[in-house]
Each structure stands twice: as C-alpha cells, then as structure tokens.
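Each chain, letter by letter, is given below.
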Amino acid sequence: MVCLINHAGLSDAYMNDTKKSTARFFADAGISISWNEVVLDRTLNVLLTDVASSKVSCRTRKGGDAFGCGFVDEQSHRGSLAYLFIKIIDKAESDAGMPLSGVLLPRFIAHEIGHLLGLPHTKGYEGIMRNDQNFTDPKKILGVRWTKAEKGLLSDALLATAE
C-alpha cells in the first residue's frame, strides 16, 4: 500500500495520471500496487514537495540537487518515507527540452518505493534502481524498466513484507 502525498500543489488529474503511470512500472514487474489516501503505519509514503532538496538531508548528484531520497533503516534497509522534489524534476525536464508532463516523476516514484522496500542502487546504467548521482540527461531514462534482477528483489522484498 502506497500513499502519495501531494505537498506540491499538483492537480488531481496530474496526480491520477502519475499514479496510473507508476502502477504500470510495477505491473511490468508483475506487481499490483494499491494507493491509499491516508498515511498509515504499514504504508509506504512518498511525499511530493516543492521544497528544495538542500532543505532535506539528501545526497546531491553531479547535475545538481537530488531528485528525491528515501529514508531507510541502516540495518533493515527498509523505510516508510521518501521525498521527491517536484521543482528539481520539472527543471531537469525543462532543461532537456522535454514538455513538463510528469514523464520522469513516475520513474522516480518507482525508484524511491524500491528503496523503501529495501532495494539498493544497481551498478551500471540499467534498471529503475540505477544510481542517478551522475544523471545528466533525462531523455536517457525514458525507456528504463525494472531489470530481471530488480524484479526478483522486488518479489523477495514483498514476500518478506507480507510475513
């Protein structure tokens, strides 16, 4: 169960489209995602905010501020809260000449949910969980999907969560 918290003033239509697109990323991995409108103890919470990432303790990337960050326990590597910084994502789309259509946001939501479930960054440039610290061109990630290894890790994480 995921709660997408809109602190960025995004329209209901934009939020609904974002949820549908994010759900498609998970469907590609054979996972059905359900959305909750209320923060609960066992909910994965993703906060969409227009606050700058420098106000939150997140690592920066080569191209500037972080797009988002998940807060995870050092031992379990799992968490329940992630931030995504809408202005920074929009700026990356704009700088790359992309329409401000929220194309990148669902991919970043999927990435942060992966962290909350305990998935680490992958090495190299494949998959949703790739490390975007060196991210410079948003167009290069438009076709990115879960790798076979990431799908396995997601399944394992969800099974462990259900126990």
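Before any of the text, the structure's been laid out above.
What you are looking at is a predicted structure, and each value in this text was computed from that prediction instead of being measured.

Conventions used here
Residues numbered from 1 in each chain as written. Predicted model: local features only at pLDDT ≥ 70, side-chain atom pairs only at ≥ 80, totals over all residues. Heavy atoms only, no water. Salt bridge = Lys/Arg side-chain N within 4 Å of Asp/Glu carboxyl O. Helix = DSSP H or I, 4+ residues; strand = E, 2+ residues; numbered from the N terminus. Buried < 20%, exposed > 50% of the residue type's maximum accessible area, 1.4 Å probe, protein only. Phe/Tyr/Trp six-rings, centres within 6.5 Å; stacked < 30°, edge-to-face > 60°. Pairing = 2+ DSSP bridges. Axes fitted to C-alpha atoms, helices over the stretch in contact; angles between N-to-C directions. Contact = heavy atoms within 4.5 Å. Parallel < 35°, antiparallel > 145°, perpendicular 65-115°, else oblique. Left-handed = near helix turned anticlockwise from the far one by under 90°. Expected span 1.5 Å × (residues − 1).

Chemist: Could you clarify how one ought to interpret the pattern of salt bridges in this entry?
Modeler: Between side chains of opposite charge, a pair can form when the charged atoms approach closely. Within this structure, the stated rule accounts for 2 salt bridges. For the salt bridge of Glu 37 with Lys 19, the shortest nitrogen-to-oxygen distance reads 2.9 Å. On the criterion of sequence distance, the pair formed by Glu 37 in the loop between helix H1 (12-27) and strand E2 (44-49) and Lys 19 in helix H1 is long-range, its members being 18 residues apart. With a shortest N-O distance of 2.7 Å, Lys 91 and Asp 95 are connected by a salt bridge. You can see Lys 91 and its partner Asp 95 sitting in helix H2 (residues 86-95), 4 residues apart, about one turn around the helix. Like Lys 91, the residue Asp 95 is exposed in the burial classification.

Chemist: What am I meant to see in the packing of aromatic side chains here?
Modeler: Given two aromatic rings, their pairing is described by the distance between the two centres and the angle made by the two planes. Scanning the entire structure with this criterion turns up 4 aromatic pairs. Taking the centre distance of 5.4 Å and the plane angle of 55 degrees together, the rings of Phe 26 and Trp 146 count as tilted. Note that Phe 26 is positioned in helix H1 and Trp 146 in the loop between helix H3 (105-116) and helix H4 (148-162), a separation of 120 residues in sequence. For the pair Phe 26 and Trp 146, one class covers both residues: buried. Taken together, a centroid distance of 4.7 Å and an interplanar angle of 20 degrees make the contact between Phe 67 and Phe 108 stacked. Residue Phe 67 is found in the loop between E2 and strand E3 (68-72), and its partner Phe 108 is found in helix H3; the two are separated by 41 residues along the sequence. For Phe 67, a relative accessible area of 5% puts it in the buried group.

Chemist: What's the story with the sheet that holds strand E4 (residues 79-85) in this structure? I'm lost.
Modeler: As a general point, the strands of a sheet are linked pairwise by backbone hydrogen bonds and lie either parallel or antiparallel. Taking strand neighbours across the sheet as the criterion, the 4 strands line up as E1-E2-E4-E3 in an open arrangement whose pairing is mixed. With partners counted over all chains shown, the strands left at the sheet margins are strand E1 (2-7) and E3, one partner each. Recorded for the sheet is a direction-independent mean angle of 15 degrees between the axes of neighbouring strands. Pairing of E1 with E2, which is carried by 6 bridges, proceeds in the parallel orientation. Across the sheet, Leu 4 pairs through a bridge with Val 46, a residue of E2. In this fold H3 packs onto E1, E2, E3 and E4, with an angle of close to 155 degrees to the strand it touches most, E4.

Chemist: Which parts of the structure should I look at to understand the packing of H1 against H3?
Modeler: A packed helix pair is summarised by two numbers, namely the angle formed by the two axes and the spacing between the axes. Close contact between H1 and H3 brings their axes to 8 Å; oriented N to C, the two are set at 55 degrees. Judged on the interaxial angle alone, H3 and H1 are oblique. Between H1 and H3 lies a crossing of right-handed hand. On H3, the residues that touch Tyr 14, Thr 18, Ser 21, Thr 22, Phe 25 and Phe 26 of H1 are Leu 105, Pro 106, Arg 107, Ile 109, Ala 110 and Ile 113.

Chemist: Explain H2 here, please?
Modeler: Helical geometry: 3.6 residues make up each α-helical turn, so side chains three or four residues apart lie on a common side. Looking at H2, one finds that the buried residues are Ile 86, Ile 88, Ile 89, Ala 92 and Glu 93. Positive phi shows up at Gly 97, right after H2, with a value of about 75 degrees.

Chemist: Could you clarify how one ought to interpret H3 in this entry?
Modeler: Taking 1.5 Å as the rise per residue, H3 with 12 residues should run 16 Å; its terminal C-alpha atoms sit 17 Å apart, in good agreement. For H3, the full list of buried residues reads Leu 105, Pro 106, Arg 107, Phe 108, Ile 109, Ala 110, His 111, Glu 112, Ile 113, Gly 114, His 115 and Leu 116. Looking at the residues trailing H3, positive phi occurs at Gly 118, about 105 degrees.

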